[in-house]
Amino acid sequence: MTGRNETVHTEGQKHAFEPKIIAFVCTWCTYAGADLAGTSRMQYPANVRVLKFPCTGRIDPVFILKAFQQGADGVLVSGCHPGDCHYIAGNFHARRRFAAFRKLLEFVGIDLGRLQFSWVSAAEGGKWVEMVTDLTERVRHMGPMQEFKELALEEQWSGVIDTPELKEVYNSI
Amino acid sequence: MSRIGVFICHCGENISRTVDVERVAAQVGTLPGVAFSTDYKYMCSDPGQGLLKKAIQEQRLSHVVVAACSPRMHEKTFRKAVESAGLNPFLCEMANIREHCSWVHEDREEATRKAIEIVGMMVERVKKNRVLPTITVPVTKRSLVIGGGIAGIQAALDIADCGHEVVLVEREPSIGGHMAQLSETFPTLDCSQCIMTPKMVDVANHPKIKLYTYAEIEHVEGYIGNFQVTVRKKARSVDEDKCTGCGVCMTKCPQKKIPNTFDRNLGMRPAIYVPFPQAVPNTPVIDRENCTKFKTGKCGVCQKVCGPGAVDYEQEDQLIVEPVGAIVVATGFDLYSIEEKPKGSPIKGYGEFGHGKIPDVIDGMTFERLASASGPTGGKILRPSDGREPKQIVFIQCVGSRAREKGISYCSKICCMYTAKHTMLYHHKVHDGQAYVFFMDARTPGKSYDEFWRRSIEEEEAVYIRGMVSRLYQKGDKIVVMGSDIAVGVQVEIEADMVVLATAVQPQKGADTLAQKLGISYDKYHFYSEAHAKLRPVECATAGIYLAGACQGPKDIPDTVSQASAAAAKVMTLFAKDKLEREPIVAKVREAGCVGCFYCQKVCPYGAVEEKEIRDRQGNLVKVVAYVNPGVCGGCGTCQATCPSKSVELDGYTDEQIVAMIEAL
Ligand code: SF4
Ligand code: SF4
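Predicted model, so just to flag it, every value in this text is computed and none were measured.

Before going further, it helps to examine the site of ligand 1. With respect to spatial proximity, the complete set of residues near ligand 1 consists of Val238, Cys243, Thr244, Gly245, Cys246, Gly247, Cys249, Pro284, Cys306, Pro308, Ala310 and Val311 of chain B. When grouped by side-chain class, the residues that make up the shell around ligand 1 number 9 nonpolar, 3 polar and no charged.

Facing the 44 residues of chain B at the interface are 46 residues of chain A. If you look at where chain B meets chain A, you find 5 salt bridges. The residue arginine 72 of chain B makes a salt bridge to aspartate 35 of chain A at a minimum N-O spacing of 3.5 Å. There are 20 residue pairs in polar contact (both at pLDDT 80 or more) connecting chain B and chain A. At the level of secondary structure, the elements contributing two or more residues to the side of chain B that touches chain A comprise α3 (71–84), α4 (98–102), α5 (108–127), α16 (599–603), α17 (638–642) and α18 (655–663) of chain B. Here the side of chain B that touches chain A is built from residues that sort into 18 nonpolar, 14 polar and 12 charged.

Our next topic: the environment of isoleucine 272 of chain B. All names here are of chain B. Following the sequence through the fold, isoleucine 272 ends up in strand β15 (residues 272–273). Taking the C-alpha atoms as reference, isoleucine 272 lies 34 Å from cysteine 415; in sequence the two are 143 residues apart. Apart from the residues lying within four places of it in its own chain, the contact partners of isoleucine 272 are Val238, Cys249, Met250, Cys253, Pro284, Val285, Ile286, Cys302 and Val311.

Inspection of the entire model under this criterion finds 2 disulfides over all chains. Covalently, cysteine 29 of chain A is tied to cysteine 80 of chain A through a disulfide, its sulfur atoms 2.2 Å apart. Measuring the twist about the S-S bond at about 100°, one finds the cysteine 29 of chain A-cysteine 80 of chain A disulfide to be right-handed. Here cysteine 29 of chain A is found in helix α1 (residues 27–39), whereas its partner cysteine 80 of chain A is found in the loop between β3 (74–79) and α3 (90–108), with 51 residues between them in sequence. Taken as a pair, cysteine 29 of chain A and cysteine 80 of chain A share a single burial class, namely buried. Bridging cysteine 191 of chain B to cysteine 194 of chain B, the disulfide has an S-S length of 2.3 Å. The S-S bond linking cysteine 191 of chain B to cysteine 194 of chain B shows a torsion near 90°; that makes this disulfide right-handed.

A few words now on the site of ligand 2. Taken together, 14 residues lie around ligand 2, and Cys604, Cys633, Cys636, Gly637 and Cys639 of chain B are the ones closest in. Of the residues belonging to the shell around ligand 2, the class tally is 11 nonpolar, 3 polar and no charged.

What follows is about the sheet that holds strand β3 (residues 63–68) of chain B. Residue and element names in this part refer to chain B. Ordered in space as β2-β1-β3-β4, the 4 strands form an open sheet in which the pairing is parallel. Pairing within the sheet leaves two strands with one partner each, and these edge strands are β2 (34–40) and β4 (92–96). Adjacent strand axes in the sheet meet at a mean angle of 15°, parallel and antiparallel pairs treated alike. Seen against the sheet, helix α1 (residues 21–28) touches β1 (4–9) and β2 and runs at an angle of roughly 175° to β2. Along the sheet, helix α2 (residues 46–58) contacts β1, β2 and β3; its crossing angle with β2, the most-contacted strand, is approximately 165°.

Turning to the packing of helix α12 (residues 415–429) of chain B against helix α13 (residues 449–458) of chain B, a few remarks are in order. Residues and elements named next belong to chain B. Two numbers describe how α12 lies on α13: the axes approach to 9 Å, and their chain directions differ by 40°. Judged on the interaxial angle alone, α13 and α12 are oblique. Seen along the crossing, α12 lies across α13 with a hand that is left-handed. Counting all contacts with α12, which are made through Met417, Ala420, Lys421, Thr423 and Met424, the residues of α13 involved are Tyr449, Phe452, Trp453, Arg455 and Ser456. The residue makeup of the contact of α12 with α13, split by class, is 6 nonpolar, 2 polar and 2 charged.

As a further point, take the packing of aromatic side chains. Within this structure, the stated rule accounts for 14 aromatic pairs over all chains. Ring geometry for tyrosine 44 of chain A versus tryptophan 128 of chain A: centroids 6.2 Å apart, planes at 90°, classification edge-to-face. Taken together, the residues span a long stretch of sequence, with tyrosine 44 of chain A in the loop between α1 and β2 (48–53) and tryptophan 128 of chain A in helix α4 (residues 125–142) at a distance of 84 residues. When the ring of phenylalanine 294 of chain B is compared with that of tyrosine 313 of chain B, the centres are 5.9 Å apart and the planes differ by 80°; the resulting orientation is edge-to-face. Of this pair, phenylalanine 294 of chain B sits in helix α9 (residues 292–296) while tyrosine 313 of chain B sits in the loop between α10 (301–305) and β17 (318–324); the two residues are 19 residues apart in sequence, bridging distant segments of the chain. Classification of phenylalanine 294 of chain B as partly exposed rests on a relative accessible area of 30%. A residue is classified by how much of its surface remains accessible, and tyrosine 313 of chain B, at 8% relative accessible area, is buried. An aromatic cluster is built from Phe24, Phe53 and Phe63 of chain A, whose rings are joined through pairwise contacts. Geometry around tryptophan 103 of chain B places arginine 41 of chain A over its ring, the cationic atom sitting 3.7 Å from the centre. Across the ring face of tyrosine 273 of chain B, the terminal group of arginine 269 of chain B is positioned such that the distance to the ring centre comes to 3.7 Å.

Turning next to the pattern of salt bridges. Residue and element names in this part refer to chain B. For the structure on display, the rule yields 53 salt bridges over all chains. For aspartate 441, the salt bridge goes to arginine 466, with nearest N and O atoms at 3.5 Å. Here arginine 466 lies in strand β23 (residues 463–466) and aspartate 441 lies in the loop between β22 (434–439) and α13, a separation of 25 residues in the sequence. Residue classification places aspartate 441 among the partly exposed positions, given a relative accessible area of 27%.

Criteria and thresholds
Residues numbered from 1 in each chain as written. Chains lettered and ligands numbered in written order. Predicted model: local features only at pLDDT ≥ 70, side-chain atom pairs only at ≥ 80, totals over all residues. Heavy atoms only, no water. Near = heavy atom within 4 Å. Nonpolar A, V, L, I, M, F, W, Y, C, P; charged D, E, K, R; others polar. Contact = heavy atoms within 4.5 Å. Salt bridge = Lys/Arg side-chain N within 4 Å of Asp/Glu carboxyl O. Polar contact = N/O pair within 3.5 Å; in protein donor to acceptor, adjacent residues only side chain to side chain. Helix = DSSP H or I, 4+ residues; strand = E, 2+ residues; numbered from the N terminus. Disulfide = S-S within 2.5 Å. Buried < 20%, exposed > 50% of the residue type's maximum accessible area, 1.4 Å probe, protein only. Pairing = 2+ DSSP bridges. Axes fitted to C-alpha atoms, helices over the stretch in contact; angles between N-to-C directions. Parallel < 35°, antiparallel > 145°, perpendicular 65-115°, else oblique. Left-handed = near helix turned anticlockwise from the far one by under 90°. Phe/Tyr/Trp six-rings, centres within 6.5 Å; stacked < 30°, edge-to-face > 60°. Lys NZ or Arg CZ within 6 Å of the ring centre and 35° of its normal.

In structure tokens:
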């Protein structure tokens with residue numbers, strides 16, 4: 001993985017590759033934190049699209065897969081700090097779920113550098129900016145997310161049975 | 001086919017400066033399903049809302065997207081407007097192109113493209129929005145007030161005077177809080193006890209107030225209008241109904257050498273005690289940790305001397321469940337103590353001011369007890385070490401406060417004023433004494449506050465030295481205070497007889513634990529967070545819970561009382577209705593799909609998932625499925641992400657809606 005601080009993103013500078021970043025955030029903490037970054041007029045790369053959920057507990061890992069499938073190059077999941085959940089404990093469930101999910105993704109061979117989990121409170125506008133900037137930079141270095149597109153291709157190819165051995169096996173099933 | 005209307009707001013120039021709003025309107029106007037698309041200078045204004053309503057009616061719109069500021073700002077506004085035009089409010093969504101776009105990007109092209117995408121996402125989402133009926137829940141018109149200091153007392157009295165029942169819970173054996181400990185109050189120098197005790201008595205006598213002292217909040221369940229609060233009434237060892245408050249037990253108790261915390265450990269008290277003579281209720285409590293009977297099994301004197309037989313060593317903690325509709329949190333503050341703090345604490349200690357090591361270095365609250373007529377010295381300013389009157393006294397302000405390196409960056413707000421008051425009290429009592437004050441700034445905004453502060457210098461002869469103390473040590477029976485006077489640029493050294501530290505105001509210990517029980521948020525110092533710093537300063541983000549006093553941030557008495565009355569007014573506003581509308585963002589179970597695994601029940605933080613039996617027409621049990629109680633459901637959606645058969649769905653955040661947004665990317 002490329003170090004996150006190698007290039008500094010300067011406003012207005014054009015890049016060959018602009019990654020698409022999708023952020024799944026909870027309303028109460030991270031969404032509010034991103035709002036605070038706005039009211040404080042902090043600047044960050046325009047690559048991120050925010051999807052609001054009531055709670056990180058609502059975020060189904062399937063959405064993350066779906067996002068990658070739809071061409072996201074990086075995904076960010078963020079909510080209230082543990083202990084600060086607006087819904088008492090939704091983020092604890094989320095944390096456990098994502099811990100397992102990360103392992104699974106790793107196993108499947110997805111570079112975990114593309115997927116970031118962090119806690120950002122409503123008061124942490126600066127942290128939001130830092131996180132989005134870092135992830136954008138990192139993913140920009142990693143290049144476009146190919147794994148899913150390749151998988152999709154493979155899936156199509158496997159539908160064509162063109163060798164005699166395969167045909168034989170196919171017919172015996 | 002949907003007929004979506006899209007409204008792009010300029011927000012004056014806040015959005016249009018970086019986002020080409022006309023291009024956004026034109027572009028999204030071409031999306032399938034969009035029937036109408038326009039831009040306007042101020043969508044939230046009266047004409048803006050009028051435009052929206054008119055378009056809904058004239059264009060027969062089925063859904064609405066308003067692209068403007070954050071939904072946290074105006075979602076309610078636009079949903080209301082949509083409703084008044086005859087559409088279900090939940091068919092309206094906001095696209096945030098201000099906080100999340102125009103304010104955070106400079107490049108006009110980038111920002112415009114992003115705005116188009118954001119709006120496009122919301123257009124796809126809103127297509128999947130369904131009509132949601134408003135849910136109404138009944139309101140229990142009783143209120144809980146946590147904390148019996150001046151904030152809690154004021155809130156409780158205001159609510160009770162309006163005719164609603166109040167349950168007041170106080171952790172200490174008596175109500176009164178810190179205000180009961182003060183000597184005189186700024187800026188009028190009236191005696192704190194004299195204005196406080198009548199209010200305490202009012203609370204005790206009020207027919208609508210149920211008072212639990214020596215009690216804590218054990219557990220909170222429910223939601224706005226319908227909380228179930230479990231109160232732990234700690235064992236007092238004295239039967240409150242039988243006790244007449246004669247106080248014989250206290251005079252006869254052989255154990256008399258227990259430091260009196262109410263007097264900041266300057267005086268002593270017995271093991272069976274009331275914290276101070278004016279305590280409400282005037283019922284003693286046995287401090288079991290220090291009582292000989294509880295430690296060794298012997299003694300039992302108080303039981304023998306008690307006429308009405310009120311002393312009960314067997315008494316146990318009681319758990320009482322109180323149904324209430326609203327909660328006022330008024331847990332107040334604590335003072336920062338400057339000793340070294342344990343590793344890992346966000347707040348560091350000073351150590352170097354000798355507090356806790358040099359007996360004549362005291363904090364402001366201890367000085368209050370010395371100055372108080374009902375205090376351990378009867379109102380004489382005397383040194384704790386030898387009982388002598390201090391002739392030179394040094395006050396140090398901002399100890400802990402405004403010291404980022406020590407972990408507290410805020411101003412404690414009250415110290416400038418109470419230090420000025422202390423110099424006056426000192427001057428009134430020790431006529432030949434001299435007071436010095438080390439200070440950074442004097443912050444005295446408030447009615448008659450600056451005049452008060454000036455008086456301490458001009459009439460009461462306090463010497464103010466602008467600068468901080470660098471070192472302080474004991475030399476014989478003197479305390480040498482070294483510091484710099486930055487106004488003059490010289491070093492000063494004062495041989496003081498006593499030093500008073502204006503230590504920082506902090507939230508009460510355990511504020512975080514209580515917040516977790518209540519489900520309210522707090523900042524990094526553990527002060528409770530209001531819903532909006534300017535517009536909703538007494539409400540928590542959690543509906544039905546309100547804040548009063550210093551638990552929300554440092555505050556003086558006038559501010560505390562105002563906030564308490566404001567919180568009470570909010571409670572009364574809530575109680576003015578018999579039924580309450582709540583957001584219909586709740587989970588629903590698709591019974592056909594539910595396999596009855598009840599994973600949802602395990603993860604639900606609100607305990608909203610119940611079991612429901614499905615029977616056929618003959619009454620035979622077919623299966624047991626989950627049922628979400630819409631009154632209890634908090635709307636987090638954890639159940640939905642957990643359900644293996646995808647049989648439970650959160651209205652307003654369905655898979656369909658979210659996938660539609662992702663696919664729009
Ligand atoms: S002696 Fe009995 S009645 Fe009197 S104060 Fe003590 S406990 Fe109450
Ligand atoms: S959405 Fe589900 S998990 Fe969350 S409170 Fe409602 S029933 Fe419980």
